[in-house]
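Notes for the structure review
Take a look at the letters that make up each chain.
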Amino acid sequence: MGKPVNTNDVDYVKGLHQNDKVSFTAIFSKYYKDLVIFSFGFTKDRNAAEEIVQDIFLKLWENRACLV
């Protein structure tokens, strides 16, 4: 976490809103590791932390039409 939002992030969110899988992959690649580390801080379980983050990204994809 702690990464500032930049123009690319805004473009990725716009792309995600338009069903662009490349944008989703870019967001996933950029934030997955940091979100797992953050989640692990609460769960103290690597598998649970990864599952939580995967669920977050699934919800992001499912609700992409609501973005922007």
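This section reports on the structure supplied with the text. (Residues numbered from 1 in each chain as written. Predicted model: local features only at pLDDT ≥ 70, side-chain atom pairs only at ≥ 80, totals over all residues. Heavy atoms only, no water.)

Here the focus is the pattern of salt bridges. On inspection of all chains with the given rule, the structure shows 3 salt bridges. Here K30 ties to D9 by a salt bridge, and the two come within 2.9 Å at their closest N and O atoms. Taken together, the residues K30 in helix α2 (residues 21-43) and D9 in helix α1 (residues 7-17) connect sequence positions 21 residues apart. When its relative accessible area of 23% is taken as the criterion, K30 is described as partly exposed. With a relative accessible area of 7%, D9 lands in the buried category. Two residues, K59 and E62, come together in a salt bridge whose shortest N-O distance is 3.9 Å. (Salt bridge = Lys/Arg side-chain N within 4 Å of Asp/Glu carboxyl O. Helix = DSSP H or I, 4+ residues; strand = E, 2+ residues; numbered from the N terminus. Buried < 20%, exposed > 50% of the residue type's maximum accessible area, 1.4 Å probe, protein only.)

Okay, the side chain of R64 next. Residue position: R64 is located in the segment after α3 (46-62). Buried charge without a salt bridge: R64, with E62 as the nearest opposite-charge side chain at an N-O distance of 8.0 Å. (Lys, Arg positive; Asp, Glu negative; His and termini not counted.)

This brings us to the packing of α2 against α3. Orientation of α2 relative to α3, taken along the N-to-C sense of each, is 145 degrees, at an axis distance of 8 Å. Every pair of crossing elements has a handedness; the one defined by α2 and α3 is right-handed. Residues K21, F24, I27, F28, Y31, Y32, L35, V36, S39, F40 and T43 of α2 form the contact with α3, whose participating residues are R46, A48, A49, E50, I52, V53, Q54, F57, L60 and W61. For the contact of α2 with α3, the class distribution of residues is 15 nonpolar, 3 polar and 3 charged. (Axes fitted to C-alpha atoms, helices over the stretch in contact; angles between N-to-C directions. Left-handed = near helix turned anticlockwise from the far one by under 90°. Contact = heavy atoms within 4.5 Å. Nonpolar A, V, L, I, M, F, W, Y, C, P; charged D, E, K, R; others polar.)

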